[in-house]
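Results of the structural survey
Spelled out, the chains give:
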Amino acid sequence: MENPLYKENLVDSTFSYFDEKENVGFKNAIENMVLDYLADEQINSPASTEQLAKCFGFKRVPEEGQLAETLIQELEELILPHSVNTGSPYFIGHMTSLLPNFLRPLSQLITTLNQNSVKVETAKAATFYEKQALAMLHKEIYGYSDEYYKNLVGDPSKISGVVTSGGTIANLMALQCGRDISLAPYGDVEEDGIYSVLNSAGFTKSVVLGTHLGHYSLVKAMGLLGMGRSGYIQIGTDDQQRLKVRELRCQLERCRQEKIHVAAIVGIAGTTECGSFDPLDEMADLAEEFGVYFHVDAAWGGALMFSDEHKHLLKGVKRADSVTIDGHKQLYLPMGIGVLLFKTPEKAKHVSTEADYIIRKNSQDLGRVSIEGSRPAKVFYLQAALKLFGKSGYSEILDGCISVARNLSHYIDQSSEFELLTTPQSNIFLYRYLPTALRDMKSSEEREQAINDFNIRLQEAQKHRGKTFVSRTKFMSPKINESLVALRVVIANPLSSLDHCKEVLRDQLQLARELEKSI
Ligand SMILES: *Cc1c(COP(=O)(O)O)cnc(C)c1O
């Protein structure tokens with residue numbers, strides 16, 4: 001393959017699309033790489049992270065452009081063999097998974113159009129495409145009358161939500177909204193800062209209430225928003241890993257008595273750790289009673305709005321002031337897209353900003369209501385998936401994954417080698433391996449420690465072998481009140497059948513026997 005960068009005419013040959021034929025070799029090489037990658041079943045390379053880090057020594061920016069071949073070679077030899085095959089049906093431990101194939105050509109379209117969704121002047125149709133997609137999701141969650149949505153896209157004052165780079169930014173904006181709206185009667189937090197507003201209102205501090213299963217993005221947001229990470233107050237969970245409503249009431253009463261400001265209550269619809277759903281309806285009751293902002297983090301579970309069988313888990317979500325839904329989780333979109341939906345457009349006003357040179361007041365500029373600036377028109381992916389799958393397509397995918405997760409959990413529950421730690425409300429659950437010698441022993445600190453150590457080694461060994469994968473976390477067992485090392489299953493790949501999953505367990509059992517022999 002020739003270097004596409006003709007030295008005598010670098011600008012023309014690299015920037016003119018019509019000269020792209022010069023780059024055919026480059027294009028084909030990438031396409032072949034993609035096909036080879038898709039055909040490879042290995043999930044993980046045997047290289048340790050330490051070994052791999054050594055392959056990436058210091059390099060200078062080359063004085064002269066390199067041959068395209070050199071770059072291809074680098075990708076082929078160093079990057080692809082050590083990338084993680086997140087699309088494998090045996091990779092059942094993370095929320096990152098296989099994508100629908102119709103999205104790949106769209107990435108080319110997005111790169112070619114290179115719209116910047118921050119403002120209409122750089123993203124004309126994409127602006128309305130985004131508003132339309134947000135309204136579609138808003139309708140599914142909040143279900144306002146068709147009349148409400150009729151003129152929404154054309155009306156700059158009507159904002160149903162904001163597209164973000166993921167759940168973290170969506171949660172950050174939600175808590176910003178909760179903080180600013182709830183403190184608005186006392187002052188303007190954005191303008192004067194939280195200290196002065198809390199002070200003048202006579203509050204000692206500002207907190208957010210949610211469970212310990214809340215995603216760490218919430219805690220990070222607390223730090224950024226000036227409420228402090230310790231301001232995230234953890235409410236206990238029941239034996240189904242759902243927020244205890246009675247405890248939430250106690251905390252709300254305590255805060256009221258002690259002059260502590262509550263910026264928001266957060267309900268989780270699909271916890272990252274074990275896929276549990278908080279009792280949103282009852283939480284909404286309390287939010288109303290105490291006049292507190294209610295946010296639902298449905299980054300993982302929001303997609304269940306499309307499933308007739310499972311949407312009951314989201315009951316009460318429409319009473320939330322804002323809702324986070326990740327596109328790159330169960331909407332099956334590529335990395336880097338999430339949404340925050342607002343119950344009413346007024347919520348958005350509290351976090352919107354204007355800047356004369358770029359984001360004009362009352363304009364249709366999407367950048368008015370985002371803390372992000374320049375961003376790609378990822379809405380193309382969202383629109384394509386919503387329209388090509390439809391509700392029935394999503395429902396088929398999601399119901400299938402949940403059914404596999406539940407069947408696998410029954411299978412584990414009945415085996416003597418494994419112990420099921422949580423029952424899946426959706427498609428995530430925790431379990432652990434019980435080493436032969438400890439299986440029939442009564443629970444004690446030593447026994448649990450030994451089982452914990454073994455499960456860490458087992459998960460590491462499985463990852464190292466690289467044929468199958470589950471992830472690992474810590475789980476506070478309500479039964480024995482100990483922190484346990486847990487193996488975590490996430491069934492997100494629609495191609496992962498129960499047979500694939502059983503194969504993952506067989507791989508694990510074989511490794512466990514080898515480990516037991518070596519002890
Ligand atoms: C993944 C996740 C987030 C964070 O989203 P990112 O897209 O990783 O930023 C927040 N909350 C929950 C429940 C999640 O599962």
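Here the structure is a predicted model, which means the values were calculated and not measured. (Residues numbered from 1 in each chain as written. Predicted model: local features only at pLDDT ≥ 70, side-chain atom pairs only at ≥ 80, totals over all residues. Heavy atoms only, no water.)

Attention shifts here to the domain arrangement of the protein. On domain assignment, one finds that the protein holds domain 1 (6-84), domain 2 (115-146 + 161-375) and domain 3 (390-518). Centre-to-centre, using C-alpha coordinates, domain 1 lies 39 Å away from domain 2. (Domains from an automatic or database assignment.)

Attention now goes to the packing of helix H6 (residues 124-142) against helix H15 (residues 379-414). Axis angle and axis distance: for two packed helices, these are the angle between their axes and the distance between the axes, and together they describe the pair. Two numbers describe how H6 lies on H15: the axes approach to 9 Å, and their chain directions differ by 45°. What the angle tells us is that H6 and H15 run oblique. When the axes of H6 and H15 are compared, the crossing they make is left-handed. Listed contacts from H15 to Ala126, Tyr129, Glu130, Gln132, Ala133, Met136, Leu137 and Glu140 of H6 are Val379, Phe380, Leu382, Gln383, Leu386, Lys387 and Lys391. Looking at the contact of H6 with H15 residue by residue, the class counts come to 9 nonpolar, 2 polar and 4 charged. (Axes fitted to C-alpha atoms, helices over the stretch in contact; angles between N-to-C directions. Helix = DSSP H or I, 4+ residues; strand = E, 2+ residues; numbered from the N terminus. Parallel < 35°, antiparallel > 145°, perpendicular 65-115°, else oblique. Left-handed = near helix turned anticlockwise from the far one by under 90°. Contact = heavy atoms within 4.5 Å. Nonpolar A, V, L, I, M, F, W, Y, C, P; charged D, E, K, R; others polar.)

Near the ligand, the surroundings consist of 15 residues, among which Thr168, Asp297, Asp326, His328 and Lys329 are the closest. Thr168 is positioned such that a nitrogen or oxygen atom in its side chain is 2.5 Å from an oxygen atom of the ligand. Classifying every residue of the shell around the ligand gives 3 nonpolar, 9 polar and 3 charged. (Near = heavy atom within 4 Å. Polar contact = N/O pair within 3.5 Å; in protein donor to acceptor, adjacent residues only side chain to side chain.)

Moving on: the side chain of Ser496. Locating Ser496 in the fold gives a position in the loop between strand S11 (482-490) and helix H17 (498-518). A polar contact of 2.8 Å, which involves the side chain of Ser496, links it to the backbone oxygen of Pro89. If we skip the residues at most four places from it in the chain, Ser496 touches Pro89, Ile92 and Val404.

Turning our attention to the sheet that holds strand S4 (residues 261-268). The mixed open sheet is built from 7 strands, whose spatial order is S1-S7-S6-S5-S4-S2-S3. With one partner strand each, in any of the chains shown, strand S1 (161-164) and strand S3 (232-235) form the two edges of the open sheet. Each strand axis lies, on average, 20° off the axis of its neighbour in the sheet, ignoring direction. Taken together, the 4 bridges between S4 and strand S5 (residues 294-297) define a ladder with parallel strand orientation. Its bridge partner lying in S5, Ile268 is registered against Asp297. (Pairing = 2+ DSSP bridges.)

Right, let's talk about the pattern of salt bridges for a bit. All told, the structure shown has 25 salt bridges when counted by the stated rule. For Asp321, the salt bridge goes to Lys347, with nearest N and O atoms at 3.0 Å. Of this pair, Asp321 sits in the loop between S5 and strand S6 (322-326) while Lys347 is found in helix H14 (residues 345-349), placing the two residues 26 residues apart along the sequence. Note on accessibility: Asp321 and Lys347 belong to one class, buried. Among the salt bridges present, the one from Glu503 reaches Arg506, with a minimum N-O distance of 3.0 Å. One end of the pair is Glu503 and the other is Arg506, both in helix H17 and 3 residues apart, which spans about a single turn. On the accessibility criterion, Arg506 (46% relative accessible area) is partly exposed. (Salt bridge = Lys/Arg side-chain N within 4 Å of Asp/Glu carboxyl O. Buried < 20%, exposed > 50% of the residue type's maximum accessible area, 1.4 Å probe, protein only.)

What follows covers the pairing of strand S2 (residues 206-211). Burial analysis of S2 places 6 of its 6 residues in the buried class, the great majority of the element. Burial of S2 is two-sided: the residues Ser206, Val208 and Gly210 facing one way and the residues Val207, Leu209 and Thr211 facing the other way are all buried. Examined bridge by bridge, S2 and S4 share 4 bridges and lie parallel to one another. Each bridged residue has a counterpart across the sheet, and for Val208 the counterpart in S4 is Ala264. With 4 bridges joining them, S2 and S3 adopt parallel strand pairing. Considered in S3, the bridge of Leu209 is made with Ile233. On the question of chirality, the crossover connecting S2 to the parallel S3 by way of helix H11 (residues 216-224) is right-handed. (Right-handed = clockwise from strand over helix to strand, strands pointing away.)

Let us look at the side chain of His261. Within the secondary structure layout, His261 lies in strand S4. We classify His261 as buried; its relative accessible area is 5%. Setting aside its immediate chain neighbours within four residues, His261 contacts Arg179, Ser182, Leu183, Leu198, Phe203, Lys205, Ser206 and Val207.

Our focus in this paragraph is the sheet that holds strand S9 (residues 428-433). Across the sheet, which stays open at both edges, the 4 strands sit in the order S8-S9-S11-S10 with antiparallel pairing between neighbours. This sheet does not close on itself; its edge strands, each paired only once, are strand S8 (418-420) and strand S10 (471-477). Shown here is a sheet whose adjacent strand axes are inclined to one another by a mean of 45°, direction ignored. The pairing of S10 with S11 spans 7 bridges and is classified as antiparallel. Within the sheet, the bridge partner assigned to Ser477 lies in S11 and is Glu482.

The subject of this paragraph is a nonpolar patch on the surface. On the surface, Leu10, Val11 and Phe15 cluster together to form a nonpolar patch covering roughly 340 Å² of accessible area. Here Leu10 shows up in helix H1 (residues 10-15). By relative accessible area, which is 41% here, Leu10 ends up partly exposed. (Patch = residues over 30% accessible without salt bridge, like charges linked within 9 Å, V, L, I, M, F, W, Y side chains within 5 Å. Areas by Shrake-Rupley, 256 points an atom, 1.4 Å probe, with all protein chains shown as cover.)

As a packed pair, helix H5 (residues 103-113) and H15 sit with axes 9 Å apart at the nearest point and diverge in direction by 145°. Of the two possible hands of crossing, H5 and H15 adopt the one that is right-handed. Here Leu103, Leu106, Ser107, Leu109, Ile110 and Leu113 of H5 lie close against H15, whose contacting residues are Phe380, Tyr381 and Ala384. Its residues assigned to classes, the contact of H5 with H15 shows 8 nonpolar, 1 polar and no charged.

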